[in-house]
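# Structural overview for review
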Amino acid sequence: AGTLFATVVGDEFFERINTTESEVEALGVIKDFLPRISDLEDYRMVQNVWLKLDAKACHDFFQKLFADNPQSAMHHYLWARALSDNTQSLLEGRIMVVKYPDFSWGYRLVVAAYVQGLFNDMPDYVIDRELLDRDFERDKAILLEAYTRFPDEEYYSYAAYKVYMHQKNYPDAEKILLIDYEELPAWLSDSEIYEFTSSSKRSAAWKKLLPLFLDGAVKSGELESSNYQVAYHVSYLALLADTELWEDMRSYLDGHPEIKDIPYLDDILLKLYAATQDADSAVATAQKILKARPERYLLLKNDPNLAFIATHPIWKSELARADSLYQSQAAERKAKILGEIVEKPAYMWELSNAEGDTIRLVDQKGKIVILDFWATWCGPCRSAMPVLDKWTKEEKPEGVEVFSINVWERDPSKAKAYMEEQGFAMTLLHGDDSLSQDYGFDGIPFICVIDQEGKIRFEESGYSPDLGEKLSVWVEALSR
């Protein structure tokens, strides 16, 4: 039947270790299997478990193995991999690629340092990032040599791609993306393609790789094969719009005039017409969206990218009609908003503001408190914050506090700079990432309203264009 891991022994170890119920039992399994293991990849699997349970014992074991076999590339690698000091592991990797140039795993020690410590800045990988920055020019030769010597190993192709991206060497990065893959490498995600296209302003890789993404979606059942062609057009143009490759969009549409009637393309086409100031096309497309989805009224009306069509006679008439309909439904919307009231205790946090002072939620009792959890990289957050700012400046009554709590941010200084640059009126707080568990959200923006007694009464996940109206309804209800 074959083995899932390197050997039958590896399969047995994996099965046994996953049925253990305590650390003591798991350590016993490791002790039982160590005499039976000789394969490097099986050793790696044992190390992965052992390092979490007893890092010192694991290191001592592999140090002795290496001392007993000083000329063994495998034992040198396993000892270096078990080191607690990632910088020392990197140094050992440099030694190994010279001593054992045909041993793939030696390169792995160097590659791992840059993939985890520099290119992705993984928080649980402890290493001196400044050292990696300083040594990058020297070590990039090792990273690229690993790819040259072992081109079929995905980890090394990924590292080479990241080297080129780090250097902004987009032509060579693109060559890796444009390889004739039978199956997509695990690292080659749509987010990688998005990053490349956005940075390089090159769309050839997305155009070539998109069929492989869609083939995978068909195989998994996420996409009906009958919808394949429409999905291709929409996905291809969506990325071009998001990365502002307007000329590529125009060229593609000119080559496929029949696709302009695909309903799913309206929002994408509107981005193109807004960016290129094509007023007549923008009005026609916005009008089409509004007739099909009246709930988009506020979003279209308040879109700053559509300000250039504000005086267009057809659009003015369309907005007036939509506004009349929207106003007539105010009572119905208010009832729906109030029907979503909840009652649960709010976690009493203590957080630092932009000046470094401590702000406590418990000190806000007697007031209505609005919390907006956000990050600078979050697009929907950036849409919600101007609405929250406008409401805070123009409609917020006495006895209400509005806090924008920055979470999931690698560099908190970006939050302060962004708030100051935008001139937002909300009070910035630097939040702990654990607040997502304390308040029960897994995505941002997340907005909640806390009453005078410290209870959460209203919640909103994501951004909706009627946020301003909701804020007023929420506060009015809690002020009675």
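This section reports on the structure supplied with the text.

### Digging into the pattern of salt bridges
In the structure shown here, the tally under the stated rule is 35 salt bridges. For Glu145, the salt bridge is made with Arg149, and the minimal N-O distance between the two is 2.7 Å. Of the two residues, Glu145 and Arg149 both sit in helix H8 (residues 129–149), 4 residues apart, roughly one turn of that helix. With a relative accessible area of 29%, Glu145 lands in the partly exposed category. On the basis of relative accessibility, which here comes to 37%, the residue Arg149 falls in the partly exposed class. Note that Glu476 and Lys334 form a salt bridge whose closest N and O atoms lie 3.5 Å from each other. Residue Glu476 is found in helix H23 (residues 467–479), and its partner Lys334 is found in helix H19 (residues 330–338); the two are separated by 142 residues along the sequence.

### Remarks on the state of the cysteines
With the rule as written, the count across this model stands at 1 disulfide. At a sulfur-sulfur separation of 2.4 Å, the disulfide partner of Cys378 is Cys381. In this structure the cystine formed by Cys378 and Cys381 twists about its S-S bond by roughly 80°; its chirality is therefore right-handed. The class of Cys381 is buried, set by a relative accessible area of 1%. The closest cysteine sulfur to the non-disulfide-bonded Cys448 is located on Cys381, 14 Å from its own sulfur.

### Structural notes on the packing of aromatic side chains
Any aromatic ring pair is given by two values, namely how distant the centres are and how the planes are angled relative to each other. This model, assessed by the stated rule, comprises 31 aromatic pairs. On the basis of an interplanar angle of 50° and a centroid distance of 5.4 Å, the ring pair of Phe373 and Tyr439 is categorised as tilted. Of this pair, Phe373 sits in strand S4 (residues 368–374) while Tyr439 sits in helix H22 (residues 435–439), and the two are 66 residues apart along the sequence. Accessibility classification places Phe373 together with Tyr439 in one group, the buried group. An aromatic cluster is built from Phe373, Trp408, Tyr439, Phe441 and Phe446, whose rings are joined through pairwise contacts. Over the ring of Tyr155 we find Arg108; its NZ or CZ atom is 4.1 Å from the centre of that ring. One residue, Arg333, lies across the ring of Tyr326, its end atom 3.5 Å from the ring centre.

Cut-offs and rules
Residues numbered from 1 in each chain as written. Predicted model: local features only at pLDDT ≥ 70, side-chain atom pairs only at ≥ 80, totals over all residues. Heavy atoms only, no water. Salt bridge = Lys/Arg side-chain N within 4 Å of Asp/Glu carboxyl O. Helix = DSSP H or I, 4+ residues; strand = E, 2+ residues; numbered from the N terminus. Buried < 20%, exposed > 50% of the residue type's maximum accessible area, 1.4 Å probe, protein only. Disulfide = S-S within 2.5 Å. Phe/Tyr/Trp six-rings, centres within 6.5 Å; stacked < 30°, edge-to-face > 60°. Lys NZ or Arg CZ within 6 Å of the ring centre and 35° of its normal.

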